[in-house]
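Secondary and tertiary structure notes
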Amino acid sequence: MTLLALVDCDNFYASCERVFRPDLRKKPIVVLSNNDGCVIARSKEAKAMGIKMGVPWFQIKRAYLAQGGEAFSSNFALYGDLSSRVMHVLAGMVNNIEVYSIDEAFLDLQHMQTSSHAYEFGIYCRNIVRQWVGIPVRIGIAPTKTLAKIASHIAKQRAGGTGVLCLNEQHHIERALKNLSVHEIWGVGRNLSRRLNALNIYSGYELMQSDTRFIRDKFSVVLERTVRELRSEQCLQIHRNTEPKKQIIVSRSFGKKIVDLEQMRPLVSNFAVRASEKLRNEGQKCLQVSVLIFTSPFNNQAQYRGFHTIQFPSPVSDTRDILAGAQTALSNCFKRGYSYAKAGVILNQFSKHSITQGLLFNEIDQCIHVKQDDKLMQYIDSMNEKQAQIYYASQSPGHLLPITKSMTSPRYTTNWLDLPTAN
DNA sequence: TCTGGGGTCCTAGGACCC
DNA sequence: TCTGGGGTCCTAGGACCC
């Protein structure tokens, strides 16, 4: 039987904040979303204090700080860099790795003959990452991705354990599944678990025992795969991370509500510029740009979601084209009389940068004339690489984003000025 | 006063084809 | 009065993930 491992960083953002601040060991830590809006990560100690994931910061702030808790605004430059260091170390230890998220990776353990061999490897792996990067990880080993997720989930709950759990023997798997509710299984969210419960399927074991045909008819092939994976049948492979992105989204909530179109325009321009940079960085071009604007679902005022898509006559990655498209889309979905809390720009329908399909007839929209200039964009990207030097007129860099971050830690590993010093 | 951001996959249904 | 069968492609929306 072949095995695979899920390596999962413990309370990742909170652990990152500790790497250069050993004084924070054992202290409760929370990390906040943009605008210090809500809690998006918690250390073990913060969880023990009863701080819930996603809770608005303003609701718990006073009591939490009064009890000696530490809080940080999110510092993605730091988390992203530490993540790539962890992944780099892991990649050096196996032939095949899938980086699944900022704090998780699947490792192919095909070459491990026995589960005790795999377990020892897990322990070694965990020690090395801890020693070289400073981030604690937890490792679940099993025959399938879904079971490996469960193994790491159980390893997390076992206080004082080694942080490594191998779930391989059939009777161990069955015992674990009997103690697991369906909503704790990877791929079963709130909706599916509600529907499963209605059919008297509550535990992982009951789900595993369900008829695959029945699950497929009543639900989908996705859930059928989950059932098969619970039975140790490998349905989800380890993907090397070579597949290109299919969509790019840049969106933010605003610190202050936006009420008129002229205030909104420069913000949408900023998102469009950022999205275009990401697109070129991926070596791709797109055929569609969409703009989304939302009111806040938390106030009692009238709600509105605006969405509009612009189709280009040929693939583009030139910021000027994407800006023009985004502004047209914004004009088409903006409605007066609402106060907007969030906006975003989405790029879709990608093609490889090097391949350009010309149009025989420019029949989509005669009004759109594509500027697309690869050379110009290359120059601008190289000038803006370290620090933005060239802006587009519609951006108004003076107020790039009305975002507040009051408690951000230094960019210890990505900025010379923030390097930690001896004292 | 203050409530995150960025993705993937699948399905149903409509448009269109012969 | 009676109105086929089989297919593809695209999109919107829903589900999930971290």
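Structural data are supplied above this passage.
What this report covers is the structure whose coordinates are included nearby. (Residues numbered from 1 in each chain as written. Chains lettered and ligands numbered in written order. Predicted model: local features only at pLDDT ≥ 70, side-chain atom pairs only at ≥ 80, totals over all residues. Heavy atoms only, no water.)

1. Points about the protein's contact with DNA strand B
Of all residues adjacent to DNA strand B, which total 22 residues, the nearest are R225, K246, I249, S251 and S253. Sugar and phosphate atoms form 72% of the subset of DNA strand B atoms that lie within 4 Å of the protein. Contact distances for DNA strand B include 3.5 Å between a phosphate oxygen and a side-chain N or O atom of N34. Separating a phosphate oxygen of DNA strand B from a side-chain N or O atom of S253 is a distance of 2.7 Å. Counting only elements with at least two residues in the surface near DNA strand B, the list comes to α11 (221-230) and β9 (248-258). No other element matches β9, which puts seven residues into the surface near DNA strand B. For the surface near DNA strand B, the residue count by class is nine nonpolar, six polar and seven charged. (Near = heavy atom within 4 Å. Polar contact = N/O pair within 3.5 Å; in protein donor to acceptor, adjacent residues only side chain to side chain. Helix = DSSP H or I, 4+ residues; strand = E, 2+ residues; numbered from the N terminus. Nonpolar A, V, L, I, M, F, W, Y, C, P; charged D, E, K, R; others polar.)

2. Focus on the pattern of salt bridges
Taken as a whole and assessed by the stated rule, the structure comprises 18 salt bridges. Among the ionic pairs, D217 bridges to R213, the shortest N-O distance being 3.6 Å. Of this pair, D217 and R213 both sit in helix α10 (residues 212-218), four residues apart, roughly one helical turn. Accessibility classification places D217 together with R213 in one group, the exposed group. By sharing partners, the salt bridges in this structure join R216, E224, R228 and E233 into a single network. (Salt bridge = Lys/Arg side-chain N within 4 Å of Asp/Glu carboxyl O. Buried < 20%, exposed > 50% of the residue type's maximum accessible area, 1.4 Å probe, protein only.)

3. Some words on the state of the cysteines
Going through the model one piece at a time under the given rule, you end up with zero disulfides. Not engaged in a disulfide, the cysteine C286 finds its nearest cysteine sulfur in C333; these two sulfurs lie 17 Å apart. In this structure C286 comes out as buried when scored by relative accessible area, which is 0%. (Disulfide = S-S within 2.5 Å.)

4. Describing the sheet that holds strand β2 (residues 29-32)
Spatially, the three strands line up as an open sheet ordered β3-β2-β4, and their pairing is mixed. Looking at strand neighbours, the two that pair on one side only are β3 (39-42) and β4 (70-73), the edges of this open sheet. The mean angle between the axes of side-by-side strands here comes to 25 degrees, regardless of whether they run parallel or antiparallel. (Pairing = 2+ DSSP bridges. Axes fitted to C-alpha atoms, helices over the stretch in contact; angles between N-to-C directions.)

5. Description of helix α5 (residues 115-132)
Here α5 is 18 residues long and its end C-alpha atoms lie 25 Å apart, about the 26 Å a rise of 1.5 Å per residue gives. Residues A118, F121, G122, C125, I128 and V129 constitute the buried set of α5. In a view along the axis of α5, the buried residues occupy a sector of 135 degrees, so they form one face of it. Turned more than 90 degrees from where α5 packs its buried face, E120 and Q131 sit exposed. With its phi angle positive at about 95 degrees, G134 sits one or two positions after the end of α5. (Expected span 1.5 Å × (residues − 1). Arc of directions from axis to C-beta.)

6. Examining the environment of Q378
Note that Q378 resides in helix α14 (residues 374-384). Among the residues examined, Q378 registers a relative accessible area of 54% and is labelled exposed. As for Q378 and S351, which are separated by 27 residues in sequence, their C-alpha atoms are 18 Å apart.

7. As for the pairing of β3
Sheet topology note: the β2/β3 ladder contains three bridges and is antiparallel. Among the inter-strand pairings, V31 is bridged to a residue of β3, identified as A41.

8. Things to note about the side chain of N168
Among the structural elements, N168 can be located in the loop between β8 (164-166) and α7 (170-178). For N168, the contacting residues outside a window of four places in its chain are M1, L3, S115, P143 and I173. (Contact = heavy atoms within 4.5 Å.)

9. Overview of the protein's contact with DNA strand C
Around DNA strand C there are 14 residues in total, and D103, E104, K149, G187 and L192 lie nearest to it. Of what DNA strand C places within 4 Å of the protein, 100% of the atoms are sugar or phosphate. A distance of 3.2 Å separates a sugar or linking oxygen of DNA strand C from a polar atom in the side chain of S101. With respect to DNA strand C, the side chain of K149 contributes an N or O atom lying 2.9 Å from a phosphate oxygen. Elements represented by at least two residues in the surface near DNA strand C include exactly β5 (97-101) and α8 (190-198). Among the residues making up the surface near DNA strand C, the classes are represented as five nonpolar, five polar and four charged.

Note that every value here comes from positions in space, so none of it alone points to a role or purpose.
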